[in-house]
Amino acid sequence: MSPVFPMLTVLTMFYYICLRRRARTAARGEMMNSHRTIESNSRTSPLNAEVVQYAKEVVDFSSHYGSENSMSYTMWNLAGVPNVFPSSGDFTQTAVFRTYGTWWDQCPSASLPFKRTPPNFQSQDYVELTFEQQVYPTAVHVLETYHPGAVIRILACSANPYSPIPPAEVRWEILWSETPTKVNASQARQFKPCIKQINFPTNLIRLEVNSSLLDYYTELDAVVLHGTKDKPVLSLQTSLIDMNDLEDDDYEEKDGCGMDSLSQKFSSTALREGPNNGYFDKLPYELIQLILNHLTLPDLCRLAQTCKLLNQHCCDPLQYIHLNLQPYWAKLNDTSLEFLQARCTLVQWLNLSWTGNRGFISVAGFSRFLKVCGSELVRLELSCSHFLNETCLEIISEMCPNLQDLNLSSCDKLPPQAFNHIAKLCGLKRLVLYRTKVEQTALLSILNFCSELQHLSLGSCVMIEDYDVIASMIGAKCKKLRTLDLWRCKNITENGIAELASGCPLLEELDLGWCPTLQSSTGCFAKLARQLPNLQKLFLTANRSVCDTDIEELACNCTRLRQLDILGTRMVSPASLRKLLESCKDLSLLDVSFCSQIDNRAVLELNVSFPKVFIKKSFTQ
């Protein structure tokens, strides 16, 4: 070969490299110019001015400290302009959730957690707010006035609650999320998380909270939504991705492995073919099942696509004995339930809390699922499941003969007559009816037939006419009762308490918070202490008549007491509290907020003497 040809080849390669370098430089310059253009265009122009609006209405929430027929401490205080901010402290004009810290998880009434809950789902409560105008969000500000730090997720919905035409599709998008973090200061702040852009306008915002790290109740005053009427230029012209946005939820959506594509995952026929399955087919079947027990549901979906052996394991009904679908509330629908159906024939614990709202789950879809999967159910969580109606409760009563635990907390859309069907579930041991419209007749029927009840929650049930009659029936029929929540029952008297205490000697937890008709002068609290020696938690919140005699009776008779709330009493002295703390060695929580005789100095002295007890003393600036 002539020496000319190698030289030509080298020159050709050099020329090609130069052209490539020039092309790359030009492309980089175009990208930089394009990026500068995007940045300049993303600045709001007068034609696309930013809209700033406070919440118009609170449309849904999971719990609140307040009453259903009042505005004090209720979620409805989040609507409109601030009532308190920038002041700090405990104010009745704010929105307050029902719990804080880990105290409720340490009570006798606490339920065991579900397995397979993904680690990135830590929400405990939520509130949904609507705004007047649909906008593309640029910022969401939360005005927190007391013990901030509970908000961990902010979401936006594509549906317009004020549109007369139901949307063809409803989407929820996470604007911001973070793990629970401890905020040391209890003072007011304006929380301004950096949110991501979405490609649809919204006027429905959802806040999700986790209060487990808080020292006391968090209080929210208002929510401000900033946004533009037109889609920002940035979201139209760039596909730049912030790596911080690639969280688990987004990963599931991009891979098509979320709850909305279960049909593809579990009915997939295009499984990998191969000569063997590595070493997995050498392992005992039970060992593989044990390993897979540690996977979340979306991970099971992904693993089911890898090979036939693992598909068989992932579809085994034994993997679905405990099924927690609450973390996937934003995507779970009838199709998801349909394709889970064949794998859930042995399900014993099922959590559908927060799911199915805005048409995601139909009554027919829920009924079909329970007809196949309800026979072995022992525990059913349906908190805030607003798709439920009377037909659903009838199906539960017929298809779930082994049910022992039913949670209908905050199912406030259920009609009163629907609760009559619960009386057919004679094996119930736990029943949560907090914030429901259960009426007295239905509840009396339930108590008459469900004599195995050990845990009963009737907090904020405003349709009950006479709680003395209910307490009498509980005392007569529910001899095994261990925990009872009567939070904010308005008309129970010393007569009902007497029937309750004499008939339920096993009671370990009793919540009589905000029950104004109970008066210490009748001796009702002293009798409680003498007749219920097993009490571990007693809430007498906002009962101003609680006195030293009651505290001394508790000290003498209820030595196992762990939590006591006497917020708001005027007649308890530091001396009686000292006797209580000396006698009740296991006491860990004592709330003396707004107790007029217990000042900060007294609290400090008690803290020094009893350092293991968390003594709560709220304040108003």
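Structure: above.
Numbers given for residues are sequential positions, taken from 1 along each chain in its written order. The model is predicted, so local features are restricted to residues of pLDDT at least 70 and side-chain atom pairs to those at 80 or more, both for listing and for counting; the totals for chains, interfaces and linings are taken over all residues. For side-chain calculations, the full set of non-hydrogen atoms in the structure is used, while hydrogens and water are omitted.

With respect to the overall build of the chain
Part 1 of the argument: A run of DSSP states H or I qualifies as a helix once it reaches four residues; a run of E qualifies as a strand once it reaches two. Both are numbered from the N-terminal end. Scanning the chain from terminus to terminus reveals 17 helices and 21 strands.
Part 2 of the argument: Across the 621 residues that make up the chain, the buried fraction comes to 52%.
Part 3 of the argument: Expressed as a percentage of contacts within the chain between residues at least 6 apart in sequence, the contacts between residues at least 24 apart total 80%.
Part 4 of the argument: Each accessible area value is a Shrake-Rupley result obtained with a 1.4 Å probe; residue values ignore everything except the protein chains displayed when judging cover. Put simply, the chain shows about 27,900 Å² of open surface, and 54% of that area lies on carbon and sulfur atoms. A simple rule labels every residue: compare its accessible area, found with a 1.4 Å probe on the protein chains alone, to the largest value its type can have, and call it buried under 20%, exposed over 50%, or partly exposed in between. The contact criterion used throughout is that any non-hydrogen atoms of two residues lie within 4.5 Å.

Observations regarding the pattern of salt bridges
Part 1 of the argument: Salt-bridge detection follows one rule: a side-chain nitrogen of Lys or Arg within 4 Å of a carboxyl oxygen of Asp or Glu. Across all of its chains, the model carries 23 salt bridges by this definition.
Part 2 of the argument: Between E132 and K56 there is a salt bridge, and its shortest N-O distance comes to 3.3 Å. Of the two residues, E132 is situated in strand β4 (residues 125-146) and K56 in the loop between β1 (50-54) and β2 (57-61); the sequence distance between them amounts to 76 residues.
Part 3 of the argument: With a closest N to O distance of 3.3 Å, E173 and K196 form a salt bridge. One end of the pair, E173, is in strand β6 (residues 172-177); the other, K196, is in the loop between β7 (189-191) and β8 (202-209), and 23 residues separate them in sequence.
Part 4 of the argument: Through salt bridges with shared partners, a single ionic network connects E128, R153, R206, E208 and R358.

Digging into the pairing of strand β5 (residues 151-157)
Part 1 of the argument: The buried fraction of β5 is high, at 7 of 7 residues.
Part 2 of the argument: The pairing of β5 with β8 spans 5 bridges and is classified as antiparallel. For V151, the partnering residue across the bridge sits in β8 and is V209.
Part 3 of the argument: Pairing geometry for β5 and β6, over 5 bridges, is antiparallel. Among the inter-strand pairings, A156 is bridged to a residue of β6, identified as E173. Paired strands, in this sense, are two strands between which DSSP finds at least two bridges.

Some details on helix α17 (residues 600-609)
Part 1 of the argument: Here α17 has its buried residues at A602, V603 and L606. In an axial view of α17, the angular spread of the buried residues amounts to 100°, which keeps them on one side of the axis. In α17, the exposed positions that point more than 90 degrees away from the buried face belong to N600, R601, L604 and V608.
Part 2 of the argument: The secondary structure elements touched by the buried residues of α17 are α16 (574-583) and β21 (614-616). What the arc covers is the set of directions going from the helix axis to the C-beta atoms.

Comments concerning the nonpolar core
Part 1 of the argument: Take the buried Ala, Val, Leu, Ile, Met, Phe, Trp, Tyr and Cys residues and link them wherever side-chain atoms come within 4.5 Å; each set so joined is a nonpolar core. Judged by nonpolar contacts, the single largest core of 111 residues is most densely connected at L408 and I474.
Part 2 of the argument: Excluding residues that lie within four positions of it along the chain, L408 makes contacts with L382, L388, L393, L414, F419, I422, V432, L433, Y434 and T436.
Part 3 of the argument: If you look at the next biggest cluster of nonpolar residues, it comprises 31 residues, including V151, F191, I198 and V209.

Regarding the layout of surface pockets
Part 1 of the argument: Using only the protein atoms, space was sampled on a 1 Å grid; points where a 1.4 Å probe fits but cannot get out form cavities, open sets with protein on both sides within 12 Å along at least five of seven lines form pockets, and lining residues are those with an atom within 4 Å of a point. Grid points are joined across faces, edges and corners, and a volume is the space filled by probe spheres set on the points. What the largest pocket holds in volume is close to 1,500 Å³.
Part 2 of the argument: What lines the largest pocket is a set of 44 residues, and nearest its centre among them are W104, D105, S111, Q124 and N407.
Part 3 of the argument: Elements represented by at least two residues in the lining of the largest pocket include exactly β12 (379-381), β14 (430-432), β15 (455-457), β16 (483-485) and β17 (509-511).
Part 4 of the argument: Note on residue classes: Ala, Val, Leu, Ile, Met, Phe, Trp, Tyr, Cys and Pro are nonpolar, Asp, Glu, Lys and Arg are charged, and everything else, Gly too, is polar. A per-class count over the lining of the largest pocket returns 12 nonpolar, 22 polar and 10 charged.

Things to note about a nonpolar patch on the surface
Part 1 of the argument: The patches described consist of residues with a relative accessible area above 30% and no salt bridge, like charges being joined within 9 Å and nonpolar side chains (Val, Leu, Ile, Met, Phe, Trp, Tyr) within 5 Å. A grouping of F280, L283, L287, L290 and I291 is seen on the molecular surface, where their side chains present a nonpolar patch of about 410 Å² in accessible area.
Part 2 of the argument: Among the secondary structure elements, F280 is positioned in the loop between α4 (262-266) and α5 (285-292).

Remarks on the environment of T296
Part 1 of the argument: Note that T296 resides in the loop between α5 and α6 (297-303).
Part 2 of the argument: Separated by 181 residues in sequence, T296 and K115 have C-alpha atoms that sit 8.8 Å apart.
Part 3 of the argument: Apart from residues lying up to four places away in sequence, T296 is in contact with R116, P118, P119 and Y328.
Part 4 of the argument: A distance of 3.1 Å separates a polar atom in the side chain of T296 from a polar atom in the side chain of D299. Here a polar contact is taken to be a pair of N or O atoms separated by no more than 3.5 Å, where protein atoms must pair a possible hydrogen donor with a possible acceptor and residues adjacent in sequence count only if both atoms sit in side chains.

Structural notes on empty space enclosed by the protein
Part 1 of the argument: Applying the stated criterion to the full structure yields 5 cavities of 30 Å³ or more.
Part 2 of the argument: E128, W172, R206, W329, W354, G356, N357, R358 and F360 are the residues that line the largest cavity.
Part 3 of the argument: For the lining of the largest cavity, the residue count by class is 4 nonpolar, 2 polar and 3 charged.

Considerations on the packing of aromatic side chains
Part 1 of the argument: Here is the rule: rings of Phe, Tyr and Trp (six-membered ring for Trp) pair when centre to centre is within 6.5 Å. Planes less than 30 degrees apart are stacked, more than 60 are edge-to-face, and the remainder are tilted. Applying the stated criterion across every chain yields a total of 19 aromatic pairs.
Part 2 of the argument: Look at Y65 and W514: their rings are 6.1 Å apart centre to centre, the planes differ by 90°, and that puts the pair in the edge-to-face class. On the criterion of sequence distance, the pair formed by Y65 in the loop between β2 and β3 (95-96) and W514 in the loop between β17 and α14 (524-531) is long-range, its members being 449 residues apart.
Part 3 of the argument: Residue classification places W514 among the partly exposed residues on the basis of a relative accessible area of 23%.
Part 4 of the argument: Between Y100 and W104 the ring centres are 5.6 Å apart and the planes differ by 65°, which places this aromatic pair in the edge-to-face class.
Part 5 of the argument: For Y100, a relative accessible area of 2% translates into the label buried.

Regarding the sheet that holds β14
Part 1 of the argument: Read across the open sheet, the 12 strands follow the order β10-β11-β12-β13-β14-β15-β16-β17-β18-β19-β20-β21; overall the sheet is parallel. Of all the strands in the sheet, the pair left with one neighbour each is β10 (322-324) and β21. Between one strand and the next, the sheet's axes are offset by a mean angle of 5°, whatever the strand orientation.
Part 2 of the argument: Bridging between β14 and β15 involves 3 bridges; their strand directions are parallel. Residue pairing in the sheet places R430 in a bridge with H455 of β15. Angles here are taken between N-to-C directions and fall from 0 to 180 degrees, while the axes themselves are lines fitted to C-alpha atoms, restricted in helices to the stretch in contact.

Considering the environment of Q404
Part 1 of the argument: Mapped onto the secondary structure, Q404 falls in the loop between α10 (390-399) and β13 (405-407).
Part 2 of the argument: Each C-alpha atom, one on Q404 and one on C450, is 10.0 Å from the other, the two residues being 46 residues apart in sequence.
Part 3 of the argument: Q404 has contacts with V378, G427, L428, K429 and R430, leaving out every residue within four places of it along the chain.

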